[in-house]
Structures are given as C-alpha cells and as structure tokens.
Amino acid sequence: MTSRINDSTWYGTGELLRIKEPNQQLKDVRQLNLLVFTDMDYPGMGGGPNPNTNTGCVNGECTRTQILMIYNIPLKKGRTSLARLNKRSLISNEQANLSYVGNSGGLLKRYINKGVKPSWVRVTRIDQTTGVVEGRFAISLKEDMTVYNRLENGMSETARFASGLFRIKLKDVLLK
C-alpha cells in the first residue's frame, strides 16, 4: 500500500479483512476492513521506538509506529465516502482513523474522520480467482481531541492522504 501523507511519501503493509459471523455464509459478507501498518518514523517520535528502520513492515516483523484503519468498505467496485462507511457501522465510534503508537504500543496521537474533504475509498478491481482487491483512496483526517497528550509532539492537526493505492489479498476472518 502506498500513499502521500501531508506531502510526504507513506507506505505500509496492509490486510484486507472480510469478517464472517458464525451464522453467516461467506458469500453474504459484503464489507471489508482495511488495516495498514508501517514502521516509519514520524515527527515528534524522538529516538524510538523505531531505530533507523523504514521497511513499511513488508516482512511483518517490525515495530509498528503508525496504523491506518478504514472500516466497512463495500465488497464491490465503486467509490464510497467515509461518512457513508461510518453510517454503516454496527459498532459505535468505529470510524476510519490513523493512529501513531509508541514503543510500548500506547496511543500517542490519533486522527479521525470529521467530514473534511476529500474522504473516500474506491474499489477498482476484485479478482475472484486470486482474492486480490485493488483500490484507491484520498482521506483527510482531523486530530482526535480526546487523546490524552494530543497537544504535545509538534504534529499537524490534519493528516491528509492523497494518491492512495492498495493491492491486497483478501483475508477471511471467522468469528467464533
């Protein structure tokens, strides 16, 4: 997965999850959750938790510093706004967000969707044979004012993703 965030290159390793309830048929699950994580440094990070590594977590073994999550993406071709995705949520306060995490995994800063444009995700291709889903996104997220130390660390109030691309194999998660 690649993108630009606030005019800087951003990349990471993604998972595209299709979550199935125990009483549900897999073919009836029509929404996806996109999770992207990276080990890239960020402003205000200081000397840790990521000593000189910027792999984007390609090998899966890394210290995650940033996590982007987009919930309830329709499993069909087309463009959907984040506001519409948030309305589809069955869980309160589940919304697209970008989180910066610290060395011990604690939340340092979080950005959430507050209606700033652009904020959309588009599925452009679904390969039924391989299970690979391709898409694009452009997202503007605002600082979550409920995070404890939000005013520290000199980071911007808005996280703007532009030219976002993903090509990820679908992963089925069966709930018990």
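Above this text sits the structure in question.
Participant: For this particular structure, what's the right way to read the nonpolar core?
Facilitator: Across soluble globular proteins, nonpolar side chains show a tendency to be buried alongside one another. Trp10, Leu98, Phe161 and Phe166 are the most contacted members of the largest nonpolar core, which totals 31 residues. Contributing elements (two or more residues each) for this core: strand S4 (31-38), strand S5 (66-74), helix H1 (82-87), strand S7 (97-101), strand S9 (119-126), strand S10 (132-143) and strand S11 (158-174). Sort the elements by how many residues they give to this core and S11 lands first, with five residues. In this structure, Trp10 is in contact with Met1, Thr2, Ser3, Arg4, Ile5, Val36, Thr38, Met40, Gln66, Leu68, Leu98 and Phe161, ignoring residues within four places of it in sequence. Membership of the second largest hydrophobic core comes to five residues, among which are Phe37, Cys57, Ile67 and Met69.

Participant: Looking at this model, I keep getting lost on the environment of Tyr42. Mind explaining?
Facilitator: Tracing the backbone through its elements, the reader meets Tyr42 in the loop between S4 and S5. In this structure Tyr42 comes out as buried when scored by relative accessible area, which is 7%. A C-alpha to C-alpha distance of 8.5 Å links Tyr42 and Met155, two positions 113 residues apart in sequence. With residues near it in sequence (within four places) discarded, Tyr42 still touches Thr65, Gln66, Tyr100, Val101, Gly102, Leu108 and Met155.

Participant: What exactly am I supposed to notice about the packing of aromatic side chains here?
Facilitator: In this description, a pair of aromatic rings is defined by centroid distance and the angle of the planes. One pass over the structure, following the stated rule, counts three aromatic pairs. Seen in terms of ring centroids, Tyr100 and Tyr111 are 6.0 Å apart; in terms of plane orientation they differ by 75°. Their pairing is edge-to-face. Taken as a pair, Tyr100 in strand S7 and Tyr111 in strand S8 (residues 107-112) lie far apart in primary sequence, eleven residues in all. Take Tyr100 and Tyr111: they sit in the same class, and that class is buried. Feature note: the residues Trp10, Phe137 and Phe161 constitute an aromatic cluster, connected by ring pairs. Above the plane of the ring of Phe37 lies Arg64, whose end atom (NZ or CZ) is 3.5 Å from the centre. In this structure, Arg122 packs its charged tip against the face of Trp120, placed 5.3 Å from the ring centre.

Cut-offs applied
Residues numbered from 1 in each chain as written. Predicted model: local features only at pLDDT ≥ 70, side-chain atom pairs only at ≥ 80, totals over all residues. Heavy atoms only, no water. Core = buried A, V, L, I, M, F, W, Y, C linked by side-chain atoms within 4.5 Å. Buried < 20%, exposed > 50% of the residue type's maximum accessible area, 1.4 Å probe, protein only. Helix = DSSP H or I, 4+ residues; strand = E, 2+ residues; numbered from the N terminus. Contact = heavy atoms within 4.5 Å. Phe/Tyr/Trp six-rings, centres within 6.5 Å; stacked < 30°, edge-to-face > 60°. Lys NZ or Arg CZ within 6 Å of the ring centre and 35° of its normal.

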